[in-house]
Amino acid sequence: MSPLHTQSPSHDTPGSNVAAGIAAEANAEQNRVSDPHSGDAGSAQTKPAKAPREGLNPLAKFAVGSVVPVALLALWWLVTESLEIFSPIQLPPPMDVYEAGVGLFESGLLAEHMSISLQRVLLGFAIGAGAGLALGSLLGLSKIADHLLHPTVGAFRAVPSLAWVPLLLLWVGIGEDSKVLLIAIGAFFPVFTSVHSALRHVDPQLVEAGRAFGFHGIRLLGTVQLPAVVPPVFSGLRLGLAQAWLFLVAAELLAAAEGLGFLLTESQNNGRTDRLLLAIVLLALLGKLTDALLGVIERKALVRWA
Amino acid sequence: MGSSAPTLDRDAAVFAEHSAPVAPSPLPAPTASPPSLTVDLVHVGRTFGERTVLRDVTLQIRPGEVIAVLGSSGCGKSTLLRQVGGLDTGHEGEILIGGEPVRRYDERTAVGFQEPRLLPWRSIRKNVALGLPRSLSKLEGRERVDELLQLVGLSDRAHLRPREISGGMAQRASLARALARRPGVLLLDEPFGALDALTRLKMQDLLLDVHAQTGTTVLLVTHDVDEALQLADRILLLGPAEPAQEPGGAPEGATISRLLTVPGRRPRARSSAEVTALREDLLSGLGVEAHSR
Ligand SMILES: Nc1ncnc2c1ncn2[C@@H]1O[C@H](COP(=O)(O)OP(=O)(O)OP(=O)(O)O)[C@@H](O)[C@H]1O
Ligand SMILES: [Mg+2]
């Protein structure tokens with residue numbers, strides 16, 4: 001009907017597109033890529049070959065994921081207790097490490113080390129990530145603030161964060177504050193960078209639509225800009241959390257009387273390799289646990305906003 | 001350049017398809033809606049850097065009038081619309097809405113963009129609600145959104161996200177969002193461009209319904225001569241300033257190359273002789289040869 005009509009008409013049949021949309025959401029990209037014509041929701045049945053990879057249930061996934069750790073544990077046991085290739089000072093057998101853990105737990109020291117480390121990380125991460133979110137939002141949204149502050153922030157980012165340690169010790173002292181502050185510095189930059197660049201790249205058409213319908217300032221931020229940056233911001237937060245653990249160990253290695261990093265140095269000085277390994281395992285577990293928690297929040301947020 | 005759709009008996013063909021989105025409950029009492037507004041363009045122009053896109057557009061639009069803007073791709077139709085909606089500052093000349101100069105993101109206007117521009121993380125319902133004026137209470141807002149969703153035939157899809165619906169549905173949602181404001185001037189940028197032919201006809205009728213009930217002034221950008229002839233009181237053809245000049249000498253930028261009044265009341269029969277003559281006139285204005293049979 002339209003002589004000058006150049007766009008190709010899109011189909012507007014009620015059923016199929018919705019089903020395709022939902023199916024695509026459930027199976028992420030894979031479905032679309034492998035079968036662009038799949039209109040029905042039952043794509044899993046039509047492609048049985050693909051199903052196992054997509055539809056791995058959590059238990060099976062866990063089982064597959066544990067194969068390598070279990071094998072490593074067996075190898076560890078093999079080279080220490082069974083074949084005795086390494087001396088207990090070099091590499092104590094798994095049982096020794098476990099017993100070291102039980103011993104520390106019974107003395108109450110283990111809980112103390114873990115809780116103080118966890119506390120430092122969470123506090124430092126909260127401060128650093130909070131500041132990163134705030135400053136990243138400010139610079140991402142306001143051109144003036146960006147021109148004014150970005151060169152400075154960039155210069156600070158260029159400093160390897162551990163270089164601040166001597167200064168922190170000098171200014172803030174050896175107490176809790178300097179450790180928390182160092183961790184906060186570590187967590188700050190990944191969060192800042194992700195928020196800042198994500199906000200700069202929010203679809204300008206959506207922002208304009210928001211403005212056209214009377215949104216501006218903080219309401220525009222909450223309605224359009226922040227929801228649009230949820231996915232990149234969460235990857236920034238998870239990076240920031242990993243950095244926080246990194247800087248925790250750095251801070252505790254340098255100067256601490258308790259914490260998992262302190263356990264590392266103390267064990268090294270006393271030749272307690274079993275405890276040293278224990279500290280490493282615990283750091284891995286705590287790091288993974290906090291990251292998983294953030295991952296759960298992220299998934300909730302993505303369902304809501306992405 | 002044959003057009004096939006007009007040969008359809010549109011009322012029968014279109015509304016037999018799926019449940020027609022004609023509102024069983026008409027739009028709420030017109031007392032609630034602000035009066036439709038005049039738009040006055042006085043020597044309006046727009047230049048981007050070195051490049052003049054629009055020049056010397058002068059037009060008075062009466063309240064409640066439907067003006068279609070036609071023109072070839074890239075000639076500045078969207079640009080003109082954006083000036084009127086206050087989405088873009090930096091125009092030359094004067095733009096008055098209801099007698100007052102246009103304001104930045106003017107709240108007396110509402111825009112249906114060329115792309116749906118729905119927020120992907122919000123349901124259709126919440127996207128439509130985005131267009132509500134802030135003065136509205138929650139309850140009133142909900143009622144208005146319900147009505148609009150019904151009007152555009154999306155009530156049963158209201159809970160879905162934009163990517164879960166088709167392009168045509170997204171365009172309808174976008175139109176509903178613009179209507180939620182009850183604007184004095186409705187600015188539509190090829191709102192039906194992405195729709196299939198049937199939905200397109202249905203939406204044209206829908207727009208006429210809305211217009212009959214709210215009486216709002218409409219500025220409608222379109223590529224489609226038939227759409228313009230069907231919907232508009234007047235058709236504005238944007239084009240080069242002086243049609244028959246050598247390429248080197250013509251001043252840059254588009255202006256009103258023709259302004260036609262479409263005869264007859266809406267809804268119009270599509271094949272009247274008068275309209276056919278106008279169509280050929282418009283097509284030749286757009287540089288398309290009209291083939292006589
Ligand atoms: N912000 C801008 N900066 C520079 N040039 C622009 C800008 N906006 C539009 N233009 C130019 O103005 C011209 C007209 O653009 P416009 O979008 O108004 O065209 P249009 O008539 O709506 O085209 P279409 O029918 O394809 O949508 C184009 O050549 C475009 O390159
Ligand atoms: Mg355009």
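Everything numeric in this text was worked out from a predicted model, so none of it was measured.

### Notes on the confidence of the model for chain B
Residues and elements named next belong to chain B. Overall, the predicted model of chain B reaches an average pLDDT of 84, with 83% of residues at or above 70. Low pLDDT (under 50) marks residues 1-32, which in the prediction has 46 contacts with non-local residues, meaning those over four places away or in another chain. Interface confidence in the predicted complex, given as ipTM, is 0.82; pTM for the same model is 0.73.

### A word on the nonpolar core
In this structure, B:L41 and B:I235 are the most contacted members of the largest nonpolar core, which totals 139 residues. Discounting chain neighbours no more than four positions away, the residues touching B:L41 are B:V57, B:T58, B:L59, B:L80, B:V84, B:E94 and B:I95.

### Here we look at the side chain of B:R144
All names here are of chain B. Tracing the backbone shows R144 in helix 4 (residues 138-151). For the buried R144, no salt bridge exists, and the shortest N-O distance to an oppositely charged side chain is 5.9 Å, to E147. With near-sequence residues (within four places) excluded, R144 lies in contact with L132, P133, L136, A180, R181 and R182.

### Notes on the coordination of the magnesium ion (ligand 2)
Angles between donor atoms at a metal ideally measure 109.5 degrees for a four-coordinate tetrahedral arrangement and either 90 or 180 degrees for a six-coordinate octahedral one. Residue and element names in this part refer to chain B. Of the protein atoms, only S78 (OG) and Q114 (OE1) coordinate the magnesium ion (ligand 2), at distances of 1.9 to 2.5 Å. A residue pair is termed long-range when its members are at least 10 positions apart, and S78 in helix 2 (residues 77-84) and Q114 in the loop between strand 6 (109-112) and helix 3 (124-129) qualify at 36 residues. Residue classification places S78 among the partly exposed positions, given a relative accessible area of 22%.

### Observations concerning the pattern of salt bridges
Counted by the stated rule, this structure contains 22 salt bridges over all chains. The salt bridge partner of A:E252 is A:R120, with a shortest N-O separation of 2.5 Å. Here the residue A:E252 occupies a position in helix 13 (residues 230-254), and A:R120 occupies one in helix 7 (residues 109-141), the gap between them amounting to 132 residues. The same class applies to A:E252 and to A:R120, which are both buried. The network of salt bridges with common partners includes B:E100, B:R103, B:D106, B:E107 and B:R108.

### Examining the packing of aromatic side chains
Tallying each qualifying case throughout the model produces three aromatic pairs over all chains. Between A:F156 and A:W164, the ring centres sit 5.7 Å apart and the planes meet at 25°, which makes this aromatic pair stacked. The partly exposed category is assigned to A:F156, whose relative accessible area is 42%. Seen from their ring centres, A:F188 and A:F192 are 5.6 Å apart, and the 15° between their planes marks the pair as stacked. With A:F188 and A:F192 both in helix 10 (residues 176-200) and four residues apart, this pair spans about one turn of that helix. Assigned by exposure class, A:F188 and A:F192 land together as buried. Put simply, the rings of A:F188, A:F189 and A:F192 pair up and form one aromatic cluster. A cation over a ring is seen here: B:R117 above B:F113, with NZ or CZ 4.0 Å from the ring centre.

### Comments concerning the UniProt feature "transmembrane region" (unreviewed entry) in chain A
With numbering matched to this structure, UniProt assigns "transmembrane region" (unreviewed entry) to residues 59-79, 121-142, 154-174, 180-199, 245-264 and 276-297 of chain A. Helix makes up 100% of residues 276-297 of chain A and strand 0%, and the two end C-alpha atoms of the span are 32 Å apart.

Conventions and cut-offs
- Residues numbered from 1 in each chain as written.
- Chains lettered and ligands numbered in written order.
- Predicted model: local features only at pLDDT ≥ 70, side-chain atom pairs only at ≥ 80, totals over all residues.
- Heavy atoms only, no water.
- pLDDT = per-residue confidence, 0-100.
- Contact = heavy atoms within 4.5 Å.
- Core = buried A, V, L, I, M, F, W, Y, C linked by side-chain atoms within 4.5 Å.
- Buried < 20%, exposed > 50% of the residue type's maximum accessible area, 1.4 Å probe, protein only.
- Helix = DSSP H or I, 4+ residues; strand = E, 2+ residues; numbered from the N terminus.
- Lys, Arg positive; Asp, Glu negative; His and termini not counted.
- Salt bridge = Lys/Arg side-chain N within 4 Å of Asp/Glu carboxyl O.
- Donors = N, O, S within 2.8 Å, 3.2 Å for Na, K, Ca; no water.
- Phe/Tyr/Trp six-rings, centres within 6.5 Å; stacked < 30°, edge-to-face > 60°.
- Lys NZ or Arg CZ within 6 Å of the ring centre and 35° of its normal.
- UniProt positions renumbered as here; feature names shortened; annotations may be inferred.

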